[in-house]
Amino acid sequence: MRITQGTFSFLPELTDDEIAKQAAYALDRGWPCSVEFTDDPHPRNSYWEMWGLPMFDLTDPAGVLYEVKECRKAYPDHYIRLNAYDARYGRQTTALQFIVQRPRREPGFRLDREETSDRRVRYTLHAYALDRPEGERYGDAP
Amino acid sequence: MTGRPGFGMRPAENGSPAPDPAAGEPLAPLPPDARVDLARERSDAQADEVLDALDADLVGLAPVKTRIREIAALLLVDRVRARFGIDSGRPNLHMCFTGSPGTGKTTVAVRLAELLHRLGYVRKGHLVSVTRDDLVGQYVGHTAPKTKEVLKRAMGGVLFIDEAYYLYRAENERDYGQEAIEILLQVMENQRDDLVVVLAGYKDRMDSFFASNPGMSSRIAHHIDFPDYEPDELEAIGRLMMRDEGYTLAPETEPVFRAYLDRRRARPRFANARSVRNAIERARLRHASRLVAESGEVDRAALTTLLPDDFLASRVFS
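Please read all numbers here as calculations on a predicted model, not as lab measurements. (Residues numbered from 1 in each chain as written. Chains lettered and ligands numbered in written order. Predicted model: local features only at pLDDT ≥ 70, side-chain atom pairs only at ≥ 80, totals over all residues.)

Let's talk about the overall build of chain A
Reasoning step 1: Along the backbone of chain A there are two helices and six strands.
Reasoning step 2: N-terminal to C-terminal, the α/β element order of chain A is α-β-β-α-β-β-β-β.
Reasoning step 3: Counting only C-alpha atoms and orienting by the principal axes, one finds that chain A spans roughly 55 × 40 × 25 Å.
Reasoning step 4: In chain A, which comprises 142 residues, the share counted as buried stands at 30%.
Reasoning step 5: Partitioning the contacts of chain A with sequence separation of at least 6, the portion at a separation of at least 24 is 54%. (Helix = DSSP H or I, 4+ residues; strand = E, 2+ residues; numbered from the N terminus. Buried ≥ 20, exposed ≤ 12 C-beta atoms within 10 Å, placed from the backbone. Contact = placed C-beta atoms within 7 Å.)

Printed below as a string of structure tokens:
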């Protein structure tokens, strides 16, 4: 099941040129970019692992693309996303965020049903990938 | 802050930035029998403005100006060749500026960044000026991220490393400078599309730096030497600086100013244009305190004219 989080997630995968253009758009507006990765794509897992610090003072997307590629090299089977943060007073939030790499195989989620007191039923999302230990979740199947 | 900040994609505050004239649409390929007017191409690239400004604002430096004109011509011809579909590969434009202090290395680097941007060689045309401190870390594992961050910041423009020979300290083999040099070399080789590296420093020390880092020397295509200024060039520089700051020399001050420069040149630690600037700064100080001491009425001429005394009080005349 293809994870759809962030901007452009219903589009085909962006090429590196397209990623560079989006990063250039963000930098032209003064939004510093940062790269994050995770292997737990649960929708409520909003804080992914940071790949280095946010990149301040960049003017050209080449530096952003360089870090994306470095991160891909280190984590070829993780989700990687690019954030652009608008620090302007009155906004101060992530202005643009999109996935730049996803694992080859995305097993998706199942719905767990739990019966609690008074016959109430609670539901929870469980990613199939989470059944395997961290770091091995999206490699080739054993 | 004026008014409410824009929010989200609201066009007024947050709209598209002004279109960049140099980054025009890629031109359509030409048929093999087409003819191109190079003069038109030149004016389209607006490179002449930068070159003319270089000629007008910088005194002397003939070899530097010639080399930069040659580079401009090469990039222009490459652009036209590319339109005919002739692929000639990107020229290597990493440079090394050597010369005495105050010969205009940094100033030329700023102009160069602008010129390379106009000719479409670099995407943004900004100059990131760094020294050893910005590249080399203080403990193990600190250097690589620091150097990479600087390189990322310089991408799309020109990285100017002032006094580059400090990067390599021969007397300390555990110095982290070597690590910075290795990363620098790697990026200079692999990401030639993304940035131009300009090393600057004094001639003799740069020579020994290159002798101990042969890889660095061979990756730099242009070694440009900045000559020292002649006395009349220094005078012209002084006039240019005073004009920019709204001062003039009284007719009787001119020989004094010339004599001052001659004496200053002979003294140790003479730093060419920088010394001229300092001399003018000190003359301004004396000029101001003279006016205040006289405490009479002043007119426009008194406020802008430097008299011989403003220079004669200097210690080079003692």
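Side note on the domain arrangement of chain B
Reasoning step 1: Parsing chain B into structural domains produces domain 1 (43–226) and domain 2 (231–317).
Reasoning step 2: Opposite the seven residues of domain 1 of chain B that make contact, domain 2 of chain B presents nine residues. (Domains from an automatic or database assignment.)

Some words on the environment of B:His142
Reasoning step 1: By the element assignment, B:His142 lies in the loop between α6 (132–135) and α7 (143–154).
Reasoning step 2: Once the C-alpha coordinates of B:His142 and B:Tyr176 are considered, the two residues, 34 residues apart in sequence, prove to be 8.9 Å apart.

Description of the sheet that holds strand β2 (residues 49–55) of chain A
Residue and element names in this part refer to chain A.
Reasoning step 1: Judged by pairing direction, the sheet is antiparallel, and its four strands sit side by side in the order β2-β1-β3-β4 without closing on themselves. Two strands bound the open sheet, and with one partner strand each, they are β2 and β4 (93–101). Within the sheet, the average angular offset between the axes of one strand and its neighbour, ignoring direction, is 20 degrees.
Reasoning step 2: Packed onto the sheet, helix α2 (residues 61–74) meets β1 (33–38), β2, β3 (79–86) and β4 and runs at close to 165 degrees relative to β2. (Pairing = 2+ DSSP bridges. Axes fitted to C-alpha atoms, helices over the stretch in contact; angles between N-to-C directions.)

Some words on helix α4 (residues 62–83) of chain B
Residues and elements named next belong to chain B.
Reasoning step 1: Taking 1.5 Å as the rise per residue, α4 with 22 residues should run 32 Å; its terminal C-alpha atoms sit 32 Å apart, in good agreement.
Reasoning step 2: Taken together, the buried positions of α4 are occupied by Val64, Ile68, Ile71, Ala72 and Leu75. The buried residues of α4 occupy an angular sector of 100 degrees when projected down its axis, which confines them to one face. Structural note: α4 exposes Ala62, Pro63, Thr66 and Glu70 on the side pointing more than 90 degrees away from its buried face.
Reasoning step 3: With its phi angle positive at about 85 degrees, Gly85 sits one or two positions after the end of α4. (Expected span 1.5 Å × (residues − 1). Arc of directions from axis to C-beta.)

A short note on helix α13 (residues 272–294) of chain B
All names here are of chain B.
Reasoning step 1: The end-to-end C-alpha distance of α13, which contains 23 residues, comes to 33 Å, matching closely the 33 Å that a straight helix rising 1.5 Å per residue would cover.
Reasoning step 2: Among all positions in α13, only Asn272, Ala273, Val276, Ala279, Ile280, Ala283 and His287 are buried.
Reasoning step 3: Summarising the contacts, the buried residues of α13 are in contact with α11 (231–245), α12 (253–266), β7 (305–306) and α15 (308–312).
Reasoning step 4: Looking one or two places after α13, you find Ser295, whose phi comes out positive at around 45 degrees.

Concerning the sheet that holds strand β2 (residues 127–130) of chain B
All names here are of chain B.
Reasoning step 1: Read across the open sheet, the five strands follow the order β2-β3-β4-β1-β5; overall the sheet is parallel. Strand pairing shows two members of the sheet lacking a second neighbour, β2 and β5 (222–226), which therefore form its edges. Taken over all neighbouring pairs, the strand axes of this sheet differ in orientation by 20 degrees on average, direction set aside.
Reasoning step 2: Relative to strand β3 (residues 158–161), β2 runs parallel, the two being bridged by four bridges. Considered in β3, the bridge of Leu127 is made with Val158.
Reasoning step 3: In this fold α7 packs onto β2 and β3, with an angle of close to 155 degrees to the strand it touches most, β2.

Notes on the nonpolar core
All names here are of chain B.
Reasoning step 1: Judged by nonpolar contacts, the single largest core of 78 residues is most densely connected at Val158, Leu159 and Val198.
Reasoning step 2: Excluding its chain neighbours within four sequence positions, the residues that come into contact with Val198 are Met95, Phe97, Ala109, Val158, Leu159 and Phe160.
Reasoning step 3: Formed by 15 residues, the second largest nonpolar core is a distinct cluster that contains Leu234, Leu249, Val276 and Ala279. (Core = buried A, V, L, I, M, F, W, Y, C linked by C-beta atoms within 7 Å.)

Quick notes on the packing of α7(B) against helix α8 (residues 177–190) of chain B
All names here are of chain B.
Reasoning step 1: Here α7 crosses α8 at 40 degrees, and the two axes come no closer than 9 Å. Considered as vectors, α7 and α8 are oriented oblique to each other. As α7 runs across α8, the sense of the crossing is right-handed. Of α8, the residues touching α7 (which contributes Thr143, Ala144, Thr147, Lys148 and Leu151) are Glu179, Ala180, Ile183, Leu184 and Val187.
Reasoning step 2: Grouping the constituent residues of the contact of α7 with α8 by class yields six nonpolar, two polar and two charged. (Parallel < 35°, antiparallel > 145°, perpendicular 65-115°, else oblique. Left-handed = near helix turned anticlockwise from the far one by under 90°. Nonpolar A, V, L, I, M, F, W, Y, C, P; charged D, E, K, R; others polar.)

Here we look at the packing of α11(B) against α12(B)
Relative placement of two packed helices is described by the angle separating their axes and the distance separating the axes.
Residue and element names in this part refer to chain B.
Reasoning step 1: Their axes nearest at 10 Å, the elements α11 and α12 cross at an angle of 120 degrees. As the angle between them shows, α11 and α12 are arranged oblique. By crossing handedness, the relation of α11 to α12 is classed as right-handed. From α11, Pro231, Leu234, Glu235 and Gly238 reach across to α12, where they touch Phe257, Arg258, Leu261, Asp262 and Arg265.
Reasoning step 2: Split into classes, the residues belonging to the contact of α11 with α12 amount to four nonpolar, one polar and four charged.

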